[in-house]
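# Coordinate analysis (summary)
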Amino acid sequence: MKRSVNYRCMAAFLAAMFLMTASLAGCGKNVSSESSAPEAAAPSEETAQVESGASVPEEGSPEEEAPSAEPLVIPDDPYRTTYEIFVYSFADGNGDGVGDLPGIREKIGYFGPDEGGLGCTSLWTTPIFPSPTYHKYDVSDYCAIDPEFGTMEDFEALLADLHDRGMTWILDLPLNHTSTEHPWFREAARYLASLPEGAEPVYEDCPYVWYYRFSEEKYEGYEPLSASGLYDGARPWFYEARFWSGMPDLNLDTEAVREEITKILRFWIDKGIDGFRLDAVTSYYSGDKNANVGFLSWLRNTAQEMKPDIYFVGEAWENQQIYAEYYESGIDSLFDFAFSGAEGMIAKTVNGKKTAEAFAQALSDEEALYAGYNAEFVNAPFYTNHDMARGAGYYPNDDGSRTKLALGLNFMMTGNAYLYYGEELGMKGSGRDENKRAPMQWTADAGAPGMCKGPQDMEKFNMKFPPADTQADDPASVLNYVKNAVSYRNRYPAIARGKTAVVTELTGDTVCAFTRYVEGGAYPPVLIVINTGKEDAQLAIAGEAASFADLAGTLCAGAEEASLTEGMLTLPPYGIAILAE
């Protein structure tokens, strides 16, 4: 995706960040004694390249184990690391206790590619449109900013700052339903209340009736119009609202509705937005997968006519075989639910319910599955999101090692990897939805500038790990582990873009190894080795893996470090090693 952005700034930030984080004690160190890190691939017209400007330590200096500062290539494509922000709870920019766009803008240096930041190269915000709820998934105006979150000028300033860093912004767009407070619904309810007994609605008199699904019979998933507080007529009208009575489902078969959606897409694309996250794509037409796929195809084609490189990622909360079929629509990405949550492949692997071999094979198998429906798919791996219990609660009596490994496994997956805010701190949150959307833990002082009060019905609970300001100073923290993981993902593009091939002779119950090769050789391949066990693993890097002689980076969950000596790799418990040729 080509954009007029400051890639030189972005790449320099990433290079500096990588050098800093890789030198942290016990985590992310390049400890190979055999060769230096590979040179970055030559840039193409689809990439941006800069010299980092950092010096290379002389042999024998205290910093000799840090990676050298080759030119860093930042590919301009959808394969990114995306930070998800639940806007209400992330960062308060005006002191009212509610997260907002100015607050996010102040924190770009924390989650973005600035020196010392997490290194994320894309942002996904939950809905920012006017809405009567704190979560904003019931929209009352698709072409405005909710005053709680700021102004259109705040939006434009944040977008400009992201683009200056080479970052993209994915806007959450709920199209399955609106709010009952949307003018379309209010006008439809007013018109139906005005109809005389026995009179049928007339499209020309009020087309908004056809924007939704109204009926004088109560079907499954329908709510009484009288319960909306907008109707006092004598006739018993009902409307489809399968999520909640405050979220009436749109009738996406109505041509006028599609024209409205086209206007919405045009509005935000003209503003400069880079992509859309599509909420509840399996619910557009309840129980009709083919209709859902058809609508997604129409939506993508419509947006591409306006912006050929527009990016879409869809939420299809189903089993893997079902959501894989949604790739037939041509959509770029679908969230990879099979690997997410407490019962997903990542957590089960960390908990020992699945073997390391099963994890590696699942990576390879899903790539073939998705490609069977869309050869151009970009996977969207994620560990948790705003609708799920947070990951730190999955592992009782964890000292942080398993929390780190789970995050590392997510970042070693292909595609556009997503990170839910606060997971990089090991934040907790389970039970009611509000608990899963607790305030970002910037500091222990709940009244400090930038801190949010959180959703009104959130229960009180204690966090498991320290806040961000404390973790930043601890080389062994979850936060610094994540910084290292993202830095490797940025430094070695094959991690996100390559195809997975399991190295069977190095793979078993607690250890797996797989290569990532990019077709055409655009980026150097890597070998990724993962120890999911509680004991050290020693492996001879030989046979088909013998060419990977450089220990380019490691992600260590504890104080022990990995090493590669004369072809023998020693990997500590819950450790990950990245080897280059």
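The shown structure was predicted, so the numbers you read here are calculated from the model rather than taken from an experiment.

Calculation criteria
Residues numbered from 1 in each chain as written. Predicted model: local features only at pLDDT ≥ 70, side-chain atom pairs only at ≥ 80, totals over all residues. Heavy atoms only, no water. Buried < 20%, exposed > 50% of the residue type's maximum accessible area, 1.4 Å probe, protein only. Helix = DSSP H or I, 4+ residues; strand = E, 2+ residues; numbered from the N terminus. Pairing = 2+ DSSP bridges. Axes fitted to C-alpha atoms, helices over the stretch in contact; angles between N-to-C directions. Parallel < 35°, antiparallel > 145°, perpendicular 65-115°, else oblique. Contact = heavy atoms within 4.5 Å. Nonpolar A, V, L, I, M, F, W, Y, C, P; charged D, E, K, R; others polar. Expected span 1.5 Å × (residues − 1). Core = buried A, V, L, I, M, F, W, Y, C linked by side-chain atoms within 4.5 Å. pLDDT = per-residue confidence, 0-100. Salt bridge = Lys/Arg side-chain N within 4 Å of Asp/Glu carboxyl O. Phe/Tyr/Trp six-rings, centres within 6.5 Å; stacked < 30°, edge-to-face > 60°. Polar contact = N/O pair within 3.5 Å; in protein donor to acceptor, adjacent residues only side chain to side chain.

## A few points about the pairing of strand 20 (residues 576–580)
Burial runs high along strand 20: five of the five residues are buried. Judged by which residues are buried, strand 20 turns out to be covered on both faces: I576, I578 and A580 on one side and A577 and L579 on the other are all buried. Where strand 15 (residues 526–531) meets strand 20, five bridges bridge the pair, whose relative direction is antiparallel. Looking at strand 20, one finds that V526 is bridged to A580. With five bridges connecting them, strand 17 (residues 550–555) and strand 20 associate as antiparallel partners. When the bridges of strand 20 are listed, L555 appears paired with I576.

## A short note on the packing of helix 5 (residues 152–164) against helix 7 (residues 255–271)
Direction vectors running N to C along helix 5 and helix 7 enclose 55°, while the axes themselves pass 11 Å from each other. Between helix 5 and helix 7, the angle is such that the two are oblique. Residues M152, F155, E156 and L159 of helix 5 lie in contact with helix 7, whose contacting residues are F267, W268 and K271. Its residues placed into classes, the contact of helix 5 with helix 7 shows five nonpolar, no polar and two charged.

## Quick word on the sheet that holds strand 19 (residues 568–571)
Judged by pairing direction, the sheet is antiparallel, and its three strands sit side by side in the order 16-19-18 without closing on themselves. With one partner strand each, in any of the chains shown, strand 16 (537–540) and strand 18 (563–565) form the two edges of the open sheet. Taking the axes of each pair of neighbouring strands and ignoring which way they run, one obtains an average angle of 20° across the sheet. Here four bridges tie strand 16 to strand 19, and the two strands are oriented antiparallel to one another. Looking across to strand 19, one finds that L539 is bridged to L569.

## Looking at helix 14 (residues 478–491)
Helix length check: helix 14, at 14 residues, gives a terminal C-alpha distance of 20 Å against a target of 20 Å (1.5 Å per residue), a fit within 8%. Buried residues dominate helix 14, accounting for 14 of its 14 residues.

## Structural notes on the sheet that holds strand 20
If you trace the five strands from one edge of the open sheet to the other, you get 13-14-15-20-17, paired in antiparallel fashion. If you trace the sheet from one side to the other, it starts and ends with strand 13 (499–502) and strand 17, each paired once. Ignoring which end each strand starts from, the neighbouring axes of this sheet average 25° apart. Relative to strand 14 (residues 511–517), strand 13 is paired through four bridges, and the arrangement is antiparallel. In the strand pairing of strand 14, A501 is matched with T515. Strand contacts of helix 11 (residues 356–371): strand 13, strand 14 and strand 15, with the helix running at about 25° to strand 14, the strand carrying the most contacts. Running over the sheet, helix 14 touches strand 17 and strand 20 and is turned about 145° from strand 17.

## Let's talk about helix 7
In this model helix 7 runs 25 Å from its N-terminal to its C-terminal C-alpha over 17 residues, within 8% of the 24 Å that 1.5 Å per residue would give. For helix 7, every residue scored as buried is listed here: A256, V257, R258, E260, I261, I264, L265, W268 and I269. Each element contacted by the buried residues of helix 7 is listed here: helix 5, strand 5 (168–173), helix 6 (183–194), strand 9 (275–278), helix 8 (289–306) and strand 10 (311–314).

## Some remarks on the nonpolar core
Ranked by size, the top nonpolar core spans 151 residues in total, and within it Y83, F111, W169 and F276 carry the most contacts. Counting 18 residues, the second-largest nonpolar core is a separate cluster that includes A537, L569, L571 and A577.

## Points about the environment of L250
Its place among the elements puts L250 in the loop between strand 8 (238–240) and helix 7. According to the relative accessible area criterion, L250 is buried, its value standing at 1%. Each C-alpha atom, one on L250 and one on E240, is 8.3 Å from the other, the two residues being ten residues apart in sequence. Apart from the residues lying within four places of it in its own chain, the contact partners of L250 are Y142, L175, N176, H177, T178, W184, Y211, Y212 and R213.

## A word on the confidence of the model for the protein chain
Per-residue confidence for the protein chain gives a mean pLDDT of 89; residues scoring 70 or more make up 87%. Note on residues 1–69: pLDDT is under 50 here. Beyond four places in sequence and across chains, it has 171 contacts.

## Section: the pattern of salt bridges
Scanning the model with the defined rule gives 25 salt bridges in all. For K499, the salt bridge goes to E519, with nearest N and O atoms at 2.7 Å. Here the residue K499 occupies a position in strand 13, and E519 occupies one in the loop between strand 14 and strand 15, the gap between them amounting to 20 residues. With respect to burial, K499 and E519 carry one shared label: exposed. What emerges from the salt-bridge pattern is a single network uniting D172, R277, D279 and E315.

## A word on the packing of aromatic side chains
Applying the stated criterion across every chain yields a total of 41 aromatic pairs. Note on Y83 and F111: the rings are 5.1 Å apart at their centroids and 10° apart in plane angle, and the pair reads as stacked. Taken together, the residues span a long stretch of sequence, with Y83 in strand 3 (residues 81–85) and F111 in helix 4 (residues 108–111) at a distance of 28 residues. Relative accessible area serves as the criterion here: at 0%, Y83 is assigned to the buried category. When the ring of F335 is compared with that of F382, the centres are 5.5 Å apart and the planes differ by 75°; the resulting orientation is edge-to-face. Placement of the pair is F335 in the loop between strand 11 (333–334) and helix 10 (345–350) and F382 in the loop between helix 11 and helix 12 (401–411), with a sequence separation of 47 residues.

## Some remarks on the side chain of Q441
The topology assignment puts Q441 in the loop between strand 12 (417–420) and helix 13 (468–471). Among the polar contacts listed, one links the side chain of Q441 to the backbone oxygen of P439, at a separation of 2.8 Å. Excluding its chain neighbours within four sequence positions, the residues that come into contact with Q441 are L425, M427, M463, P467 and A468.

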